[in-house]
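Chain residues, written in single-letter form:
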Amino acid sequence: MGSEDHSWELEEGIPQVEDPFIQQYLKGRDALIVEEQKRRHGKTPEWALDQVLNSSLDANFRKSLSPIAARACKIVSQIRAREQRELWTHVLGDAAAHPSEEILFPGVMFQHAKRHMERTNMWKIVEKMPKGSLLHAHMDAMFDIDFLIDQAFKTPGIHLSAPKPLIAPHDYDVAPVAFQFSSRAQGNSETPSLWSEAYEPSTLIPIQAAADSFPRDGEAGFREWLKSRCMVMPEHSYHHHHGVDAIWSVFSRTFPIVNSILMYEPILRACLRRMLAELSTDGIRYVEFRIAFVFEYRKEGKDVPEESYDEFCRIVDEEVTNFKETEEGKNFYEARIIWTTLRRSSNADIVDSMKECIAVKQSFPDLICGFDLVGSEDLGRPLVDIVPMLFWFRKRCAEEGVDIPFFFHAGECLGDGDETDHNLFDAILLGTRRIGHGFSLYKHPLLIDLVKDKKILVECCPISNEILRLTSSIKSHPLPALLSRGVPVSLCNDDPAILGHGKNGLTHDFWQVMQGLENVDLAGLAMMAQNSIRWSCYEDQSTAEWKAEVGDGVLGNGVKAARLREWLSDFEKFCEWVVLEFAEFDEDD
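In this text the structure is predicted, and so the values were computed from the model without any measurement. (Residues numbered from 1 in each chain as written. Predicted model: local features only at pLDDT ≥ 70, side-chain atom pairs only at ≥ 80, totals over all residues. Heavy atoms only, no water.)

1. Some thoughts on the overall build of the protein chain
Phase 1: In terms of regular secondary structure, the protein chain is built from 26 helices and eleven strands.
Phase 2: By the compact-globule yardstick of 25 Å for 589 residues, the protein chain fits well, its C-alpha radius of gyration being 25 Å.
Phase 3: With the C-alpha coordinates of the protein chain rotated into their principal frame, the extents come out at 75 × 65 × 50 Å.
Phase 4: The burial tally for the protein chain puts 57% of its 589 residues in the buried class.
Phase 5: For the protein chain, the proportion of contacts with a sequence separation of at least 24, taken over those separated by at least 6, is 76%.
Phase 6: Summing over all exposed atoms, the protein chain offers an accessible surface of approximately 23800 Å²; the carbon and sulfur share of this is 50%. (Helix = DSSP H or I, 4+ residues; strand = E, 2+ residues; numbered from the N terminus. Rg over C-alpha atoms; globule rule 2.2 N^0.38 Å. Buried < 20%, exposed > 50% of the residue type's maximum accessible area, 1.4 Å probe, protein only. Contact = heavy atoms within 4.5 Å. Areas by Shrake-Rupley, 256 points an atom, 1.4 Å probe, with all protein chains shown as cover.)

Set out below in C-alpha cells:
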C-alpha cells in the first residue's frame, strides 16, 4: 500500500495506512489469504462443507423447465451436435498453406470462427434468444467503428491533429492522434499535411483534407488506417506468445482516439441511438455501462470542453428516455452507468474523480448506479493500495446521502498469488456486489465459497478474455470450473466494438460459450441470462435489500422478481418458436 503522506489527504480526511481501522482491515485480509491457502493445500474445513455441497441454481432451473422449454433445449443440442460434425471438424482448402485460417473445430478462436458462426442455425437461435441484462460493457468500446468513422466525416467541423508528423511505419501504428471539433476553419491548400515532415505539431487539419492527403490510397486507405487505430485487429489477438501486457498496450491506445471522435454531442447522440437499437434487437432489455470519466466532452458547436460531466450525463439520460418512447425501444427497461476511474491514477486524481461521481449522482440519481476502477490490473495499482480512498468514498457517500455501491473488476489476470490476483480478496472484503471478469477466481476454493455465500455474481466476458490473451480459446476458459461449483455467472461482452465483434449485443459471447462448451446447453445459457436480471441494479438499494431480492429471485415482490417473470414468459415464447422453426430436429416427432 502506498505510504506517501500528503497534507491534502489529511485535510480531506483520507485514512492513512497506520490508522487502526485500516490496520484492522489489513490484518483481516492477511488472515483470509492464509485461510485460503490452507484450503488449497489441505482439508476443507467443516464450516465450509455446507456451502460446497449447495445445489446449484442451474440444477434448480433445469427442474423447472416446462415441457416446451425442455423440448427446445433438446432440439438446440441436436443442432449443435450436427453443426459440430458438419461445420467445425473439417478443412476448408489447403490446410498446409493456410493452417491458421483453414482448420476449424468446436471452440476455435473467435476471430477464426466469426465469419462462419453468423451463417449457422445456432446463430439464428441464439440471436433471437431473450438475453436479460448486459452488466459489464464499457460504453466507449461499444460503438460500431465504421459507423463512428462515418459520423466523423459527416459532422461539420471535425479536425485531426497529432503532436508530431506521421512519417515512419511505426508512427502510423502507435503515434498519438486526436480528433476535435473546431468552429473555425483550419488549414488550406498550402497547409502541410499530417503525413509530411513539414507538418507543425498539434495543427488542426480538417478530417476530409487529412483523408484526401493520406499517402496510402487516399480516403479509402485513411478509413482503413483509422479503423485499425480504433480496434484490436485480428493479427494482434492471434499472437498469444507476446503476452497480456503486449495486447493491453495495443488495447489501451484505442480509447483516446475513439473518445476524441465520440465525445462531441452530435456524434454521441447518433451513436447512442444506434447502439441502443442494436442492444434491444439482440434481446437485451437493460444495460449498465461502465465508462472512465477521464475524457473531454464538447457540446454541439462549442470549441471549449465542458468543465463537468453533467452535460454528458444529461445527453445519455435524454437519449435513453427518447429511445424508450420509440417502437423499437418500447420493451427496453433502462440504461444506467457505473462510474469508473483509472486504477493507475494518483491518490489525488482518484479522490477528485470520486467527488465528481458523488456530485453527478446527486444531479442524476437514476443514472449513476455504482463505482469501479478500470484499466489493466497487472499494470495498474492493486485494490489494496487504494483501500484508504475507498473507505473515504464510502464515508463521503453516507455523509452526502447517496448510495453508490462497488462493482469491482478483479482477477482479470493470469497470476496465482501475486498482488493482482489478490484483488479478488479485496473486492470481496470491500463488499463488491459483482466481480468483473473474475478470471482467476477458479484457483481459490475459499473465495469461491465466499462469493456464493455473499451472493456475488461473476461478470464473465469470454471473448474479451480470449482476445486479450488470458486464454487461447473458449475451450480453456475457466467458466466451466465456476459453473461446476455453482458460482452465479452472467455473460457479458466487455468491449465489443474495439475487440472486433462487428455487432453489438451478446449473441457472439452466448454463441461461443454454447458452441465451445458441451456442458452449457440452451438451459445453461438461459440460467446465465436469468442471473443477469437477478443481479441487475434496476434501482438503488441497501446491501440488505439487494441481497434479499437476489435471494428471493422470481418468488420476490420487487422489481427484479417482476422482470424475472417477464423474462420467463419471453423465454417460453422463444422456446415455442424454436420447436416450430426447427421441427425437423425434434426427435419426439
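2. Points about the sheet that holds strand β10 (residues 457-460)
Phase 1: Read across the open sheet, the four strands follow the order β8-β9-β10-β11; overall the sheet is parallel. Strands at the two margins of the open sheet, each flanked by one partner only, are β8 (408-410) and β11 (489-491). Sheet twist, expressed as the mean angle between neighbouring strand axes with direction ignored, is 30 degrees.
Phase 2: Sheet analysis places strand β9 (residues 434-437) next to β10, joined by three bridges and oriented parallel. (Pairing = 2+ DSSP bridges. Axes fitted to C-alpha atoms, helices over the stretch in contact; angles between N-to-C directions.)

3. Digging into the packing of helix α24 (residues 522-534) against helix α26 (residues 559-581)
Phase 1: In contact at an axis separation of 9 Å, α24 and α26 are set at 155 degrees when each is read in the N-to-C sense. In terms of orientation, α24 and α26 fall into the roughly antiparallel class. Helix-helix and strand crossings are classified by hand; for α24 and α26 the assignment is right-handed. Of the residues in α26, those in contact with L522, A526, A529, Q530, I533 and R534 of α24 are K560, R563, L564, W567, L568, F571 and F574.
Phase 2: Of the residues in the contact of α24 with α26, the class split is nine nonpolar, one polar and three charged. (Parallel < 35°, antiparallel > 145°, perpendicular 65-115°, else oblique. Left-handed = near helix turned anticlockwise from the far one by under 90°. Nonpolar A, V, L, I, M, F, W, Y, C, P; charged D, E, K, R; others polar.)

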